[in-house]
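An overview of the molecular structure
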Amino acid sequence: MKALFQFKTLSVFVCALFMSTMIMAQDKKPASPHLGVKGTVAGANISIRYGSPYVKGRKIWGGLEPYGKVYRAGADSATTFTTDKAITVEGKALPAGKYSFFVIPTKKGQWTVIFNKTAEQWGAYKYDQAQDQLRVMVTPKAHPMSESLTYAITKNGFSMNWDKISIPVSIK
């Protein structure tokens, strides 16, 4: 009888420990939440999926994200860009499909925006320029401070906004 009581007590304790661990895990915010935006631009349904890192007092451009190097344009997996119809991005054709989306930041001047045919990849670690479907140049703009990286789809295209920079990309 005593052994049965000890077993039941232990079972209750293990269940309580498991439940409290699950509750604590749910309360913890991810370091870079995974988000997405959808919209219609130039008659095409566009969606962008990305990890949203935070500034957290760090120097982002030219610091955490060095100038002149390919950046996954988000956190964790490479950002994905999907269009259900062929579109024109900054005056150049992009076929319908799903792409990984990268940028190459510069200290001054235009940034390179990349749509890569390998849509599902972790970060930019295995980025292969030979798989680029399209590269275009865009001019960054000053932007009010954005603690977390966000994307916005507008009637004229989309933008990536983080820190004090906005990268607008036009679509027709």
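Because the structure is a prediction, the values reported are computed rather than measured.

When its secondary structure is counted, the chain shows 1 helix and 10 strands. Looking at the 172 residues of the chain, the share that counts as buried comes to 38%. Considering only contacts within the chain whose residues lie at least 6 apart along the sequence, 52% involve residues at least 24 apart. Summed over all atoms, the accessible surface of the chain reaches about 10100 Å², with 60% contributed by carbon and sulfur.

Per the counting criterion, the structure on display carries 2 salt bridges. Close ionic contact of Glu 120 with Lys 98 constitutes a salt bridge, the shortest N to O distance being 2.6 Å. Of the two residues, Glu 120 sits in the loop between strand E7 (111-116) and strand E8 (132-138) while Lys 98 sits in strand E6 (residues 97-104), which places them 22 residues apart along the sequence. In this structure Lys 98 comes out as partly exposed when scored by relative accessible area, which is 41%. Notably, a salt bridge pairs Arg 135 with Asp 132, separated by 2.7 Å at the nearest N-O pair.

Within this model, the largest pocket holds a volume of roughly 160 Å³. Lining the largest pocket are 14 residues, and of these Ser 32, Pro 53, Arg 58, Leu 64 and Ala 75 sit closest to its centre. Of the residues assigned to the lining of the largest pocket, the class counts are 7 nonpolar, 2 polar and 5 charged.

Moving on to unusual backbone geometry. Even without a glycine there, the phi angle at Lys 56 is positive, about 50°. Structurally, the position occupied by Lys 56 is in the loop between strand E2 (44-51) and strand E3 (79-83). Since its relative accessible area comes to 54%, Lys 56 is described here as exposed.

Turning our eyes to something else, we now look at the side chain of Glu 65. Within the secondary structure, Glu 65 is located in the loop between E2 and E3. No salt bridge is formed by the buried Glu 65. Its closest oppositely charged neighbour is Arg 72, at 5.8 Å. Each residue touching Glu 65, except ones within four places of it in the same chain, is listed here: Ile 60, Tyr 71 and Trp 162.

Along the primary structure Lys 56 and Glu 147 are separated by 91 residues, whereas in three dimensions their C-alpha atoms are 7.3 Å apart. Contacts of Lys 56, omitting those with residues within four sequence positions, involve Ala 31 and Glu 147.

Our next topic: the sheet that holds E6. Read from one edge of the open sheet, 6 strands run E1-E2-E3-E6-E7-E8, paired in antiparallel fashion. The sheet terminates laterally at strand E1 (34-41) and E8, the two strands that pair on one side only. For this sheet the average axis-to-axis angle between neighbouring strands, irrespective of direction, equals 25°. In this sheet, E3 lies alongside E2 in antiparallel orientation, the contact comprising 4 bridges. Following the sheet pairing, Arg 49 is matched in E3 by Thr 80.

So, how was this worked out
- Residues numbered from 1 in each chain as written.
- Predicted model: local features only at pLDDT ≥ 70, side-chain atom pairs only at ≥ 80, totals over all residues.
- Heavy atoms only, no water.
- Helix = DSSP H or I, 4+ residues; strand = E, 2+ residues; numbered from the N terminus.
- Buried < 20%, exposed > 50% of the residue type's maximum accessible area, 1.4 Å probe, protein only.
- Contact = heavy atoms within 4.5 Å.
- Areas by Shrake-Rupley, 256 points an atom, 1.4 Å probe, with all protein chains shown as cover.
- Salt bridge = Lys/Arg side-chain N within 4 Å of Asp/Glu carboxyl O.
- 1 Å grid on protein atoms, 1.4 Å probe; cavity = no way out; pocket = protein on both sides within 12 Å on 5 of 7 lines; lining within 4 Å.
- Points joined across faces, edges and corners; volume = space filled by probe spheres on them.
- Nonpolar A, V, L, I, M, F, W, Y, C, P; charged D, E, K, R; others polar.
- Lys, Arg positive; Asp, Glu negative; His and termini not counted.
- Pairing = 2+ DSSP bridges.
- Axes fitted to C-alpha atoms, helices over the stretch in contact; angles between N-to-C directions.

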